[in-house]
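# Architecture and fold: a report
So you can see what is in the structure, the chains are spelled out below.
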Amino acid sequence: MSMLRFMTAGESHGPCLTAILEGLPAGLKIDLEAINRDLARRQQGYGRGGRMKIEKDKVEIVSGVRFGETLGGPVTLQVVNKDFANWTDRMAVFGEPAGPKVTAARPGHADLTGVKKYDRKDVRDILERSSARETTMRVAVGAVCKEFLRALGISIVSQVTNIGGVAVDLSKIDRSRLGTENGSELNCYDAEAEQQMKAKIDAAKQAGDTLGGIFEVTVRGLPAGLGSHIQWDRRLDAKLAAAMMSIQAIKGVEIGAGFDCAILPGSQIHDEVFLDETGEVYRKTNRAGGLEGGMTNGEEVVVKAAMKPIPTLMTPLHSIDIESREAVLACKERSDTCAVSAAAVVGEAMTAFVMAEAICDKFGADALVDVKAAMDSYKQRIGKDW
Ligand SMILES: Cc1cc2nc3c(=O)[nH]c(=O)nc-3n(C[C@H](O)[C@H](O)[C@H](O)COP(=O)(O)O)c2cc1C
Ligand SMILES: C=C(O[C@@H]1CC(C(=O)O)=C[C@@H](OP(=O)(O)O)[C@H]1O)C(=O)O
């Protein structure tokens, strides 16, 4: 099994956010600007809250890279929370809290179960870590993984396909445009749908309500045969689904035709296989989303994720106070109205990590030249044998 792994640390309003990524090969050139571009993309999107005006997330690398190239050791990435300076009364690492406690738990968030499980008296002790501010570091890690994948000819793009029930007409989408520098403010490639999405977000904000939606991530250039049918925990579709579900507020994942597979007959779901005049295998459709038997099949990997509406509502829902145990309205922290386009960037990052891990698993991960050579030789073999 691969030893590619990462861990994040940091609170939403703490001094800084950190990630350690270990297991990437030595000899990979790191482009800080590419990481910062993805961090900026994660901060964008119609419907984001006030915090995005305060932060301008920029990464610093403090280990594992020398003169712009990985050494094969753990890479430590850091992003400073500018907002920490405004939160020292509630978020200082030592001393006594001087700011108010949060005691009104928000339905749909980690608040209520978190305070019970961790024996805390202030919901802030839970919300600071359960906040999706943590996804900043996933995006930084994912951007490094994307660099690795790019060096092997693999790219990852995303699009938002639905916000609060306003759906993109996927038949209108020119898929070759996906990934062109942020298709739009909402990372949506259907201009008409996007206008309606924005109006829907405006209306939700006006009503103190929030919205969820759906995004889709596509991986191009993958060799067939990543992952395995041999054991449950080596199936790449399972790893991808788990990685997507690990993103805050994601409640559903589909690979390829996904839930439609349950409705349509086999003749309309399975992708028929043909040989071209040179003897190469091809398929006319990709309803499997590039994964069959837990392995990539050489087509684009296509995964969708459904995000629930943001749990912090400015017209708060009924809840309880954890101190007085009285019925109250949930707390109103500054919050996003809709963050699906940001979640799509996080989805790209998690997909990048899963694909990078699958590559390291199959081709080794000591030196980038060896990974490339192993992958080239494998591609030659399967190209010829098919
Ligand atoms: C990019 C992104 C931004 C988010 N912004 C907010 C927010 O501003 N306010 C909020 O209450 N929840 C926000 N969420 C959702 C919560 O983090 C999430 O619902 C919460 O952690 C509970 O986890 P669960 O929904 O997976 O059960 C955001 C999620 C993502 C992915
Ligand atoms: C509140 C949550 O996270 C949001 C995501 C987020 C970010 O950087 O994405 C920053 C946070 O900033 P603040 O709380 O200071 O406004 C929230 O906007 C949550 O997920 O519960």
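Just so you know, these numbers come straight off a predicted model, no measurement behind them.

## Examining the site of ligand 2
- Surrounding ligand 2, one finds 14 residues, the nearest of these being Arg51, Ser131, Ala132, Arg133 and Arg334.
- Within the shell around ligand 2, the residues separate by chemical class into one nonpolar, seven polar and six charged.

## A look at the site of ligand 1
- Taken together, 20 residues surround ligand 1, and among them Ala132, Gln248, Thr312, Asp336 and Ala339 come closest.
- Element by element, the count of residues in the shell around ligand 1 is highest for helix 9 (residues 340–363), at three residues.
- Its residues assigned to classes, the shell around ligand 1 shows ten nonpolar, eight polar and two charged.

## A closer look at unusual backbone geometry
- Even without being a glycine, Phe67 presents a positive backbone phi close to 50°.
- Structurally, Phe67 can be placed in the loop between strand 4 (65–66) and strand 5 (69–70).
- If you check the backbone angles, Asn187 has positive phi at about 55° while not being a glycine.
- With respect to the helices and strands, Asn187 occurs in the loop between strand 8 (166–167) and helix 7 (191–206).
- For Asn187, a count of 27 C-beta atoms within 10 Å corresponds to the buried category.

## Focus on the UniProt feature "binding site: FMN" (unreviewed entry) in the protein chain
- Per the UniProt entry, the sites bearing "binding site: FMN" (unreviewed entry) are Arg129, Ser130, Ser131, Gln248, Ala249, Gly293, Lys308, Pro309, Ile310, Pro311, Thr312 and Arg334 in this numbering. In summary, the annotated positions, distributed over 206 residues, remain apart in three dimensions as well, the widest C-alpha pair reaching 44.4 Å.
- Inspection of the secondary structure assignment puts Ser130 in helix 5 (residues 124–130).
- Since 17 C-beta atoms lie within 10 Å of it, Ser130 is described here as partly exposed.
- Take Lys308: it is sitting in the loop between strand 15 (301–307) and strand 16 (318–320).
- In this structure Lys308 touches Gly212, Ala249 and Lys251, once residues within four positions along its chain are discounted.

## Comments concerning the UniProt feature "binding site: NADP(+)" (unreviewed entry) in the protein chain
- Mapped onto the present numbering, the UniProt feature "binding site: NADP(+)" (unreviewed entry) falls at Arg42 and Arg48.
- Take Arg42: it is sitting in helix 1 (residues 32–43).
- With 28 C-beta atoms packed within 10 Å, Arg42 lands in the buried category.
- Apart from residues lying up to four places away in sequence, Arg42 is in contact with Thr135, Thr136, Val139, Ala342, Val345 and Val346.
- Along the polypeptide, Arg48 turns up in the loop between helix 1 and helix 2 (51–54).
- For Arg48, a count of 19 C-beta atoms within 10 Å corresponds to the partly exposed category.
- Contacts of Arg48, omitting those with residues within four sequence positions, involve Asp336, Ala339 and Ala342.

## Some remarks on the sheet that holds strand 7 (residues 155–163)
- One open sheet accounts for five strands, arranged 8-7-9-15-10; its pairing is antiparallel. Lying at the two open borders of the sheet, with one neighbouring strand each, are strand 8 and strand 10 (250–255).
- Inspection of the sheet shows strand 10 paired to strand 15 by five bridges, in the antiparallel sense. By the bridge assignment for strand 15, Gly252 is matched with Ala306.

## Re the sheet that holds strand 6 (residues 75–80)
- One open sheet holds the four strands; their spatial order is 1-2-6-3, and the pairing between them is antiparallel. The open sheet terminates on both sides in strands that have one partner only, identified here as strand 1 (5–9) and strand 3 (59–63). Each strand axis lies, on average, 20° off the axis of its neighbour in the sheet, ignoring direction.
- Inspection of the sheet shows strand 3 paired to strand 6 by four bridges, in the antiparallel sense. Following the sheet pairing, Ser63 is matched in strand 6 by Thr76.
- Sheet strands touched by helix 6 (residues 135–151): strand 1, strand 2 (16–22), strand 3 and strand 6. Its angle to strand 2, the strand with the most contacts, is close to 35°.

Conventions adopted
Residues numbered from 1 in each chain as written. Chains lettered and ligands numbered in written order. Predicted model: local features only at pLDDT ≥ 70, side-chain atom pairs only at ≥ 80, totals over all residues. Near = placed C-beta within 6 Å. Nonpolar A, V, L, I, M, F, W, Y, C, P; charged D, E, K, R; others polar. Helix = DSSP H or I, 4+ residues; strand = E, 2+ residues; numbered from the N terminus. Buried ≥ 20, exposed ≤ 12 C-beta atoms within 10 Å, placed from the backbone. UniProt positions renumbered as here; feature names shortened; annotations may be inferred. Contact = placed C-beta atoms within 7 Å. Pairing = 2+ DSSP bridges. Axes fitted to C-alpha atoms, helices over the stretch in contact; angles between N-to-C directions.

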